[in-house]
Amino acid sequence: MTKFFLLSLVLLFTLSILSSDASAQPASRPPVRGNRVVSEIDRDSLRAEIRAKGAATALNAIYLQRAKRQLEAFEAGYVKMESNADSVQGIVRRVIDANPNEVTVNAIDLSQGNVFNVRKFERPAGGYRGRLSSYIERQIFDLKWTTKNREPLLALKAKDADFAPELERILVNEADAEKLVEAKLREIIYERVRQRLVRGFNFELNDKDVLARKLGMETEIYLLNNYRDVLAKKSTEELTGLLQIAK
């Protein structure tokens with residue numbers, strides 16, 4: 001008897017007990033954590049969905065919704081990833097289909113009323129208001145410029161340590177000439193997004209939730225690869241407008 005068959009029997013047995021409990025009570029109530037009532041998933045509806053369509057189909061809908069909500073939360077507080085909804089849906093389906101044992105375990109946990117431990121995303125501090133941060137300026141001055149713009153810029157920096165409009169004009173000129181600054185801005189922005197996103201796209205039921213971790217990892221890889229392509233299509237002016245996410 002395989003491990004998967006045993007897990008399936010456990011799931012069916014658990015659901016039969018839970019169904020009996022539900023019929024013996026007037027209504028199922030959402031679990032309470034401290035002063036907060038958690039009602040993210042309707043347990044009765046989930047049990048019915050599992051019995052009718054199977055655990056994989058039921059969890060696919062739940063995890064797809066959770067993935068979309070995580071992505072919306074990240075974009076609302078940070079930066080638009082410009083991802084493809086069909087791609088995210090495909091990732092969820094692929095991970096669930098590839099991990100039947102973990103799906104069975106999580107279906108049992110969710111049907112018993114367990115809720116996701118959602119990791120919150122850190123919001124950026126400050127904002128871009130026409131001045132580049134000292135961090136960005138240092139990155140730019142470290143570039144190996146070969147055009148005539150480098151010496152005038154160094155002289156301008158020595159004269160006024162906190163210039164902004166003049167630097168932006170030179171950035172555009174330099175990007176047009178050799179794409180050096182443009183490439184550096186893409187690198188800086190991408191790295192900031194990566195730091196915020198990685199290991200934040202996660203919604204585990206508990207410390208042993210392998211399914212959620214696999215789903216988070218696969219989704220993060222896709223989102224970051226997609227965002228790199230997004231940045232490659234942006235102009236220098238658009239990249240400069242994104243610098244509010246880089247401290």
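In what follows, the accompanying structure is described. Along every chain, residues carry numbers that run from 1 in the direction the sequence is written. Thresholds applied to this predicted model are a pLDDT of at least 70 for local features of residues and 80 or more for the giving and counting of side-chain atom pairs; totals over whole chains, interfaces and linings are not thresholded and use all residues. Think of the side-chain values as coming from all heavy atoms in the structure, minus any hydrogens and water.

## Focus: the nonpolar core
In step 1: The nonpolar core is taken to be a set of buried Ala, Val, Leu, Ile, Met, Phe, Trp, Tyr and Cys residues, with the residues joined through side-chain atoms within 4.5 Å. For every residue, the accessible area (1.4 Å probe, protein chains only) is compared with the maximum for its type, and the residue is labelled buried under 20%, exposed over 50%, or partly exposed between those bounds. Core analysis: the biggest nonpolar cluster contains 53 residues, and Tyr-63, Met-81, Val-193 and Tyr-227 have the highest contact counts within it.
In step 2: Residue assignment for this core shows that the elements contributing at least two residues are helix H2 (43-53), helix H3 (55-77), helix H4 (85-98), helix H5 (100-111), helix H6 (134-141), helix H9 (180-197) and helix H10 (210-232). Numbering of helices and strands runs from the N terminus; a helix is a DSSP stretch of H or I covering at least four residues, while a strand is a stretch of E covering at least two.

## Structural notes on the packing of aromatic side chains
In step 1: Only Phe, Tyr and Trp rings are paired, with Trp represented by its six-membered ring, and only when their centres lie within 6.5 Å; those with planes under 30 degrees apart are stacked, over 60 edge-to-face, the remainder tilted. Summed over all chains, the structure comprises five aromatic pairs.
In step 2: Among the aromatic side chains, those forming a connected cluster through ring pairs are Tyr-63, Phe-116, Phe-201 and Phe-203.
In step 3: When the NZ atom of lysine or the CZ atom of arginine is within 6 Å of a ring's centre and also within 35 degrees of its normal, the charge is said to sit over that ring. Looking at Arg-228, its charged tip hangs above the ring of Tyr-190, at a distance of 3.9 Å from the centre.

## Focus on unusual backbone geometry
Backbone geometry follows two general trends: most residues other than glycine have a negative phi, and most peptide bonds adopt the trans configuration.
In step 1: Although it is not a glycine, Glu-82 adopts a positive phi angle of roughly 55°.
In step 2: With respect to the secondary-structure elements, Glu-82 resides in the loop between H3 and H4.
In step 3: Take Glu-82: its relative accessible area is 40%, and that puts it in the partly exposed class.
In step 4: For Arg-199, which is not glycine, the phi torsion reads 65° and is therefore positive.
In step 5: One can find Arg-199 in the loop between H9 and strand E4 (203-204).

## Side note on H5
In step 1: A helix is expected to span 1.5 Å multiplied by its residue count minus one. Between its first and last C-alpha atoms H5 spans 16 Å; for 12 residues at 1.5 Å apiece the expected length is 16 Å, and the two agree.
In step 2: Along H5, the residues that are buried comprise Val-103, Thr-104, Asn-106, Ala-107, Ile-108, Asp-109, Leu-110 and Ser-111.
In step 3: Remark: Gly-113 follows H5 within two positions and exhibits a positive phi of approximately 105°.

## Concerning the pattern of salt bridges
In step 1: Salt bridges are defined as contacts in which a side-chain nitrogen from Lys or Arg sits within 4 Å of a carboxyl oxygen from Asp or Glu. Counting across every chain of the model gives 10 salt bridges.
In step 2: The salt bridge partner of Glu-75 is Lys-80, with a shortest N-O separation of 3.4 Å.
In step 3: One salt bridge connects Arg-186 with Glu-182, and the closest N-O pair in it is separated by 3.3 Å. Of the two residues, Arg-186 and Glu-182 are both situated in helix H9; the distance of four residues between them amounts to about one turn of the helix. Like Arg-186, the residue Glu-182 is buried in the burial classification.

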